[in-house]
Each structure stands twice: as structure tokens, then as C-alpha cells.
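A closer look at the structure
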Amino acid sequence: MSSKGSAFEAKADAKRGLRVGVVGAGVMGSNHARVLAGLPGVTLVGIVDPLPEHRARATALAGCRAFAELDELFDEGVDAITIAAPTHLHHEIALACITRNIHLLVEKPVASTVEEGQDIVNAARSAGVTLMVGHVERFNPAVAAIKQAISGEDILSIGITRVGPFPPRMSNVGVVIDLAVHDIDLIRWFTESDIVEVQPQLSSAVAEREDIALLQFRTASGVLAHINTNWLTPFKARSVTVATRGKYVMGDLLTRQVTECFGFKPDGSYSMRHLPVGHDEPLRAELIAFLDAVRTGNMPAVSGDEGVASLEIAIRCLEQPAKPAASATRKGPRRIAG
């Protein structure tokens, strides 16, 4: 299918409404189904998952049909699919959809390897179908407010903290792929520049894979950035700070409060203000953006190339093996001062 033909068919889709399916009925996939079921101009055809308990939960949450096999969803006829299955299945599922000219949103990370991710991107481009990667944090209203506040500014540094307790769900990845990849994408998006230097410090304290990561970066534009992420904090914290030559912006991504410091004076004084922040549900905004790209044929908000670039940086961070956390046990007696 040519890109021109795809755009023409996308306009036809807009008139008749889109038939959309979801693959993966875990927590994220079930939420995809819930949101899609409530969007105008969308028919949620169904959700696919091999586990009966997952299908039952998704059906109860979204009121949609559930299928055990992907081919059952294909047989119903779909224009677009969101993939929220385990990462190691993304490549196979995405290619199966692309061969049927089905538009795709693939949850982050786009694939298990850069090679698989690039394979998906190339196949989608050749088929002329829309491919968007689900970096949902870009659609957090607080993140959008930060992005607007630093627009046109000379960015100097970025600091991001994303910590919390060990996830109850079983996972075959560590904190870099599960959490830090969000913030790698944000650093690239905020700076509109590629990351050219990576300095990772990783440790495994209680998990088999890394559960602590302190990551430092330099972008091609010279911005210094760091990410602090772990699964050892008893509560969730999500914060972003951006220093520019003209202002200092602080954002809490959970409470959605964004504060801007500006007007720095030689005596150390400055002005401060709270910035307006929207109230949209990030996932809803993301899915609306995806469907808009499908309908119009325009470039999606997060392209496949961007998703692969963030995955490549995350994998570079993992090239340094995680080390066991230092033991708190000291050898020999501890001397007491005094």
C-alpha cells in the first residue's frame, strides 16, 4: 500500500468510524480497552489475551468481547490495534498486523531489541501504515506544561526522579527498561537532541535484574541530564527539574504541580509562579493522538524512530552489568568515637 493510498483510506475511516482492537489484557491493555470503549467515532472490536482471567477482567472493565487468539480479532475486521502485550511478543504481533495493513500503537518499549524495533519501523513504513510508540508520559499534563515553559530556552541541565516500591506484577525487565525508558524519551523530547554520552550506574539489591539505576547523559546540544530510578522506595515519586539560562522549572508528575523560577537578580532574589496544568488523563490523550494520526495520515506524536532511539539508549545503559548492592555488614568491630 502506498502512503498516498493509506492517507486516502484514513480519510474514509474518519467518516465511518474506526474499528479498533487491543492485544494484551493485563493492567495496561485493560485500561486501553476502557478508554477506547468511551471514545466517539470508535468501535472497540475486542481484546486479545491467552489467559481467561485477563479476558474476564477486560470484559468487565470495558464491556467488550475478548478473544484467546489474535486471528479471531483479525477475522472481526479492524482498522487499528494497540499492543500492550509483553515486550518480547511485540515484534511478532506488530509484523502480523502490518502485513494486514492495520495501524499500530505499540506500548513502550517498542521491542526487546533495537534490531526488532527497527524491523517494525521499516515494515510499517513500507506498508504505509501508522506506527506510534506508547510513551504515555509525554501526555501527562504536567510534562506538557514543562515542555511549554522551556520552549525556546537555552537548556542547561535536566534531572528526573522516578522511584517506587517493587512492582507486584512479575517482570522480565529491570528498572531501566520498565521505568527509565520513559525519562530517556522525555530528555530527548525536551532537548530535541540526541543523547550522545551515557554513564550508567546499576545495582541489584533485591531483584534478579537491576532495581537501582543512576544514569547520566549528555545530549548532542550539550545538555547534561540524569535519571534516578529504583524499586526500593516505599512510595511513588515522579519529579522533573529543568535548568535553563533564564529560568528553573520544577514539576511533580503525580500531583501535576509545575513551578517556574525566573527573573534572577544579582542579589540572589528571583520571582516564582505556578504554571497552569491541564487535567486530561494521559492515556486518553495518547490514544486520541494515535487515532487522529490514523484518520489524517499525519506523523504520529511519538514515531517509531523515536521509540527505537530511546530503546537504543536504554540498552546502552544496560551494557554495564548490574552489581550487587554493597552489604551493610562491616568486617571487624566498629570503632566508637569519644
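Rules of the game
- Residues numbered from 1 in each chain as written.
- Predicted model: local features only at pLDDT ≥ 70, side-chain atom pairs only at ≥ 80, totals over all residues.
- Heavy atoms only, no water.
- Helix = DSSP H or I, 4+ residues; strand = E, 2+ residues; numbered from the N terminus.
- Buried < 20%, exposed > 50% of the residue type's maximum accessible area, 1.4 Å probe, protein only.
- Contact = heavy atoms within 4.5 Å.
- Pairing = 2+ DSSP bridges.
- Expected span 1.5 Å × (residues − 1).
- Bend = angle between axes of the 7 residues up to and from the residue.
- Phe/Tyr/Trp six-rings, centres within 6.5 Å; stacked < 30°, edge-to-face > 60°.
- Lys NZ or Arg CZ within 6 Å of the ring centre and 35° of its normal.
- Patch = residues over 30% accessible without salt bridge, like charges linked within 9 Å, V, L, I, M, F, W, Y side chains within 5 Å.
- Areas by Shrake-Rupley, 256 points an atom, 1.4 Å probe, with all protein chains shown as cover.
- Salt bridge = Lys/Arg side-chain N within 4 Å of Asp/Glu carboxyl O.
- Polar contact = N/O pair within 3.5 Å; in protein donor to acceptor, adjacent residues only side chain to side chain.

Here we take up the environment of Ala237. By secondary structure assignment, the location of Ala237 is in strand S11 (residues 237-244). Of the residues examined, Ala237 reaches a relative accessible area of 22% and is grouped as partly exposed. Along the sequence, Ala237 and Asp252 sit 15 residues apart, while their C-alpha atoms lie 8.1 Å from each other. Residues in contact with Ala237, not counting those within four places in the same chain, are Thr161, Arg162, Val163 and Leu254.

It is worth spelling out the sheet that holds strand S2 (residues 42-48) at this point. If you walk across this open sheet you meet the 6 strands as S3-S2-S1-S4-S5-S6, and the pairing is parallel. The outermost strands of the open sheet, each flanked by one partner alone, are strand S3 (66-67) and strand S6 (131-134). Two elements, strand S5 (residues 103-107) and S6, share 4 bridges in a ladder whose sense is parallel. Following the sheet pairing, Leu105 is matched in S6 by Met132.

This part is about helix H8 (residues 175-191). Under the 1.5 Å per step criterion, the end-to-end length of H8 is 23 Å for 17 residues, consistent within 8% with the ideal 24 Å. Along its length, H8 shows its largest kink, about 45°, at Val181. Among the 17 residues that make up H8, 16 are buried, leaving the element largely enclosed by the rest of the structure.

Where strand S7 (residues 155-163) and S11 come together, 8 bridges link them in antiparallel fashion. Directly across from Ile160, in S11, lies its bridge partner Val240. What sits between the antiparallel neighbours S11 and strand S12 (residues 247-252) is a turn of 2 residues.

As enumerated under the stated definition, the model contains 3 aromatic pairs in all. Centre to centre, the rings of Phe166 and Trp231 are 5.1 Å apart; their planes meet at 75°, and the pair counts as edge-to-face. You can see Phe166 sitting in the loop between S7 and H8 and its partner Trp231 sitting in the loop between strand S10 (224-230) and S11, a full 65 residues away along the chain. One Lys or Arg, Lys147, reaches over the ring of Trp189 and ends 5.0 Å from the middle of that ring. Looking at Arg273, its charged tip hangs above the ring of Phe262, at a distance of 4.3 Å from the centre.

Covered by surrounding structure in strand S4 (residues 80-83) are Ala80 and Thr82 together with Ile81 and Ile83, the residues of both alternating faces. Across 4 bridges, strand S1 (residues 18-23) lies against S4 in parallel orientation. Considered in S4, the bridge of Val22 is made with Thr82. Relative to S5, S4 runs parallel, the two sharing 4 bridges. Its bridge partner lying in S5, Ile83 is registered against Val106.

In this section: a nonpolar patch on the surface. On the surface, Tyr248, Phe264, Tyr270 and Met272 cluster together into a nonpolar patch covering about 410 Å² of accessible area. Tracing the sequence through the fold places Met272 in strand S14 (residues 271-274). Overall, the relative accessible area of 48% leaves Met272 in the partly exposed class.

Below, the discussion takes up the side chain of Glu107. Within the element layout of this structure, Glu107 appears in strand S5. Polar side-chain contacts of Glu107 include one of 2.8 Å to the side chain of His32. Each residue touching Glu107, except ones within four places of it in the same chain, is listed here: Met28, His32, Ile83, Ala84, His90, Gly134 and Glu286.

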